[in-house]
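Commentary on secondary and tertiary structure
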Amino acid sequence: MSTQVKSFSELSEAEWPLAGGKGGTLARLYQDGYPVPDGFVILPAAFSGEELSSEGWDQVQDHLARTRNGTREIPFAVRSSALSEDSAQASFAGEFETVLEVRSDAMVFEAIRTVHRSRMSERVRAYSEAKGMDEAHDVAVVVQRQVRADISGILFTADPVTGSHMQMSGNFIFGLGDQLVSGEVEPYTFTLSRPKGVYEGPHELQPVSYTHLRAHETTSLISYAVFCLKRGGGGGGGGGGGG
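Read on for a plain summary of the structure. (Residues numbered from 1 in each chain as written. Predicted model: local features only at pLDDT ≥ 70, side-chain atom pairs only at ≥ 80, totals over all residues. Heavy atoms only, no water.)

1. Some thoughts on the nonpolar core
In terms of nonpolar packing, the biggest core is built from 22 residues, with I42, L52, V60, V78, I112 and V141 touching the most fellow members. Listing elements by their share of this core, those giving two or more residues are β2 (39–42), α2 (54–68), β5 (76–82), α3 (105–117) and β7 (139–145). When residues in this core are grouped by element, the largest group, four residues, is from α3. Residues in contact with I112, not counting those within four places in the same chain, are I42, F47, L52, W57, V60, V78 and V141. L11, W16, A27 and V142 belong to the second largest nonpolar core, which has twelve residues in total. (Core = buried A, V, L, I, M, F, W, Y, C linked by side-chain atoms within 4.5 Å. Buried < 20%, exposed > 50% of the residue type's maximum accessible area, 1.4 Å probe, protein only. Helix = DSSP H or I, 4+ residues; strand = E, 2+ residues; numbered from the N terminus. Contact = heavy atoms within 4.5 Å.)

2. What about α2?
Every α-helical turn comprises 3.6 residues, leaving residues that sit three or four positions apart pointing alike. Helix length check: α2 (15 residues) gives 21 Å between terminal C-alpha atoms against 21 Å at 1.5 Å per residue, within 8%. Every buried residue of α2 is accounted for by G56, W57, Q59, V60, H63, L64, T67 and R68. The buried residues of α2 occupy an angular sector of 165 degrees when projected down its axis, which confines them to one face. Of the surrounding elements, those touching the buried residues of α2 are β1 (5–7), β2, β4 (51–52), β5, α3 and β7. Where α2 ends, the next residue or the one after it, N69, has phi of about 55 degrees, a positive value. (Expected span 1.5 Å × (residues − 1). Arc of directions from axis to C-beta.)

3. Brief notes about the packing of aromatic side chains
Counting across every chain of the model gives seven aromatic pairs. Relative to F109, the ring of W57 has its centre 5.0 Å away and its plane inclined at 75 degrees; by these criteria the two rings are edge-to-face. You can see W57 sitting in helix α2 and its partner F109 sitting in helix α3, a full 52 residues away along the chain. Since its relative accessible area comes to 16%, W57 is described here as buried. Classification of F109 by relative accessible area gives partly exposed; the value is 24%. Put simply, the rings of F172, F174, Y188, F190 and Y199 touch in pairs and so form one group of aromatic residues. (Phe/Tyr/Trp six-rings, centres within 6.5 Å; stacked < 30°, edge-to-face > 60°.)

4. Here we look at the sheet that holds β1
Pairing within the open sheet is antiparallel, and its five strands lie in the order β1-β2-β7-β5-β6. Whereas interior strands pair on both sides, the edge strands pair on one side only; in this sheet they are β1 and β6 (98–102). Geometrically, the sheet is characterised by an average inter-axis angle of 20 degrees between neighbouring strands, direction not taken into account. The pairing of β5 with β6 spans three bridges and is classified as antiparallel. Across the sheet, residue F76 finds its bridge partner in β6, namely V102. Across the sheet, helix α1 (residues 20–31) touches β2, β5 and β7, and the angle it forms with β5 is around 120 degrees. In this fold α3 packs onto β2, β5, β6 and β7, with an angle of close to 170 degrees to the strand it touches most, β6. (Pairing = 2+ DSSP bridges. Axes fitted to C-alpha atoms, helices over the stretch in contact; angles between N-to-C directions.)

5. Things to note about the pairing of strand β10 (residues 188–193)
Relative to β10, strand β9 (residues 167–174) is paired through six bridges, and the arrangement is antiparallel. The residue bridging F172 from the neighbouring strand is Y188, located in β10. One ladder, built from three bridges, connects β10 with strand β11 (residues 198–200); its direction is antiparallel. Its bridge partner lying in β11, L192 is registered against Y199. The turn linking β10 back onto β11 is made up of four residues, and G197 within it adopts a positive phi angle of 75 degrees.

6. Comments concerning α1
Compared with an ideal rise of 1.5 Å per residue, which puts twelve residues at 16 Å, α1 spans 16 Å between its outermost C-alpha atoms and is within 8% of the ideal. Buried within α1 we find G20, G21, K22, G23, G24, L26, A27 and L29. At the C-terminal side of α1, G33 shows a positive phi close to 95 degrees.

7. Overview of the pattern of salt bridges
For the structure shown, the criterion picks out ten salt bridges. As a salt-bridge pair, R66 and D62 come within 3.5 Å of each other at their nearest N and O atoms. Of this pair, R66 and D62 both sit in helix α2, four residues apart, which is roughly one turn of that helix. The class of R66 is partly exposed, set by a relative accessible area of 44%. The exposure class of D62 is partly exposed, given its relative accessible area of 42%. Residues R113 and E110 are paired through a salt bridge, measuring 3.7 Å at the closest nitrogen-oxygen approach. Separated by three residues within a single helix, R113 and E110 lie in helix α3, roughly one turn from each other. You can call R113 partly exposed: its relative accessible area is 23%. (Salt bridge = Lys/Arg side-chain N within 4 Å of Asp/Glu carboxyl O.)

So this is what it looks like as structure tokens:
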């Protein structure tokens, strides 16, 4: 039996490209010890056309049981991780579907279908055309424990306009991050300057430790990290309702 579903801890470096931009990055951060909520990635090989294979679903149920660890009321976020998503050519931010507050196995199954089928949506087609990309997208699906976030946001690890690595900039909102990604609300803006992480922005985010907003950096690309924070707790990568 082939392995079509991999936990963040199991996904090997060679498999990161098969997990898409989001899935591969979450696994890498999880394995590096960042406070990423637990989860797993359903690889494109688990799908036959638009449907999840029976073998893939069996493996999903096994991972759900392991992630719940005996607790049935854990909410999950089911998220897209297209192989072309979060790439140097295009981000696809907010283009694919995300389903939040998913609890039962039946809800997870339907959420996986919704997220995977969103690759055929009109907005994905239009975005792909605008970027000069093939409209057919291989999509992995991330299933991750959902964080009850007080603050959710996105952090660019290089200035998105100048490309400078001396200043990181970002946006945040209160609560889950789905409204930030969809553009439904006006976000707050902040910056962190290197090398000491000097903060400029609204005071609500200022007490957060600089280490909680660290992100994987690259010397050749502008990368970004989605974060979610709980007061009195640590930071987290993803799982807070982002795209």
